[in-house]
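Each chain, written out:
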Amino acid sequence: MVAVGFNGIDVSNDAGETWKHVSDDSFYTIRFVNDSIAYAAGAGKVSKLHFK
């Protein structure tokens, strides 16, 4: 799971039991292209994210 918001980006690999903060950049939305690439957008910016 991936959560984006004003406080940054957080990722959980165990269905939300634990979370890892991976970025302080704030985003409003995220859209996955496939299981390893997503685009996050917000505050006049778009970023491509790669997940392993």
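- The protein appears in an unreviewed UniProt entry as Probable oxidoreductase from Algibacter lectus.

Topic: unusual backbone geometry
Alright, step 1. Phi angles above zero are rare outside glycine, and A15 is one such case at about 60 degrees.
Alright, step 2. Among the structural elements, A15 can be located in the loop between β2 (8-11) and β3 (20-23).
Alright, step 3. Unlike most non-glycine residues, A43 shows phi in positive territory, near 55 degrees.
Alright, step 4. Here A43 shows up in the loop between β5 (37-42) and β6 (45-50).

A word on the sheet that holds β2
Alright, step 1. One open sheet accounts for three strands, arranged β1-β2-β3; its pairing is antiparallel. Single-partner strands in this sheet number two, and they are β1 (2-5) and β3. Shown here is a sheet whose adjacent strand axes are inclined to one another by a mean of 25 degrees, direction ignored.
Alright, step 2. Note: β1 against β2, four bridges, orientation antiparallel. Within β2, the position partnered with V2 by the bridge is V11.

Examining the side chain of S12
Alright, step 1. Relative to the elements of secondary structure, S12 occurs in the loop between β2 and β3.
Alright, step 2. Overall, the relative accessible area of 3% leaves S12 in the buried class.
Alright, step 3. A distance of 2.8 Å separates a polar side-chain atom of S12 from the backbone nitrogen of G16.
Alright, step 4. At a separation of 2.9 Å, a polar atom in the side chain of S12 contacts the main-chain carbonyl oxygen of T18.
Alright, step 5. In this structure S12 touches M1, E17, T18 and W19, once residues within four positions along its chain are discounted.

Calculation rules
- Position labels on residues start from 1 in each chain and follow its written sequence.
- For this predicted model, a pLDDT threshold of at least 70 governs which residues receive local features, and a threshold of 80 or more governs which side-chain atom pairs are given and counted, while totals over whole chains, interfaces and linings are taken from all residues.
- Processing note: side-chain calculations cover all non-hydrogen atoms of the structure and skip hydrogens and water entirely.
- Numbered from the N terminus, helices here are DSSP runs of H or I no shorter than four residues, and strands are runs of E no shorter than two.
- Two strands make a pair as long as DSSP finds a minimum of two bridges between them.
- Under this scheme, a helix contributes an axis fitted over its contacting stretch, all axes are lines through C-alpha atoms, and angles between N-to-C directions fall in the 0 to 180 degree range.
- To sort residues, take the accessible area from a 1.4 Å probe on protein chains only and compare it with the maximum for the residue type: under 20% means buried, over 50% means exposed, and anything in between is partly exposed.
- Definition of a polar contact: a pair of N or O atoms within 3.5 Å, with one able to donate and the other able to accept a hydrogen when the atoms are protein atoms, and with sequence-neighbouring residues admitted only if both atoms are side-chain atoms.
- Any two residues having at least one pair of non-hydrogen atoms within 4.5 Å are treated as being in contact.

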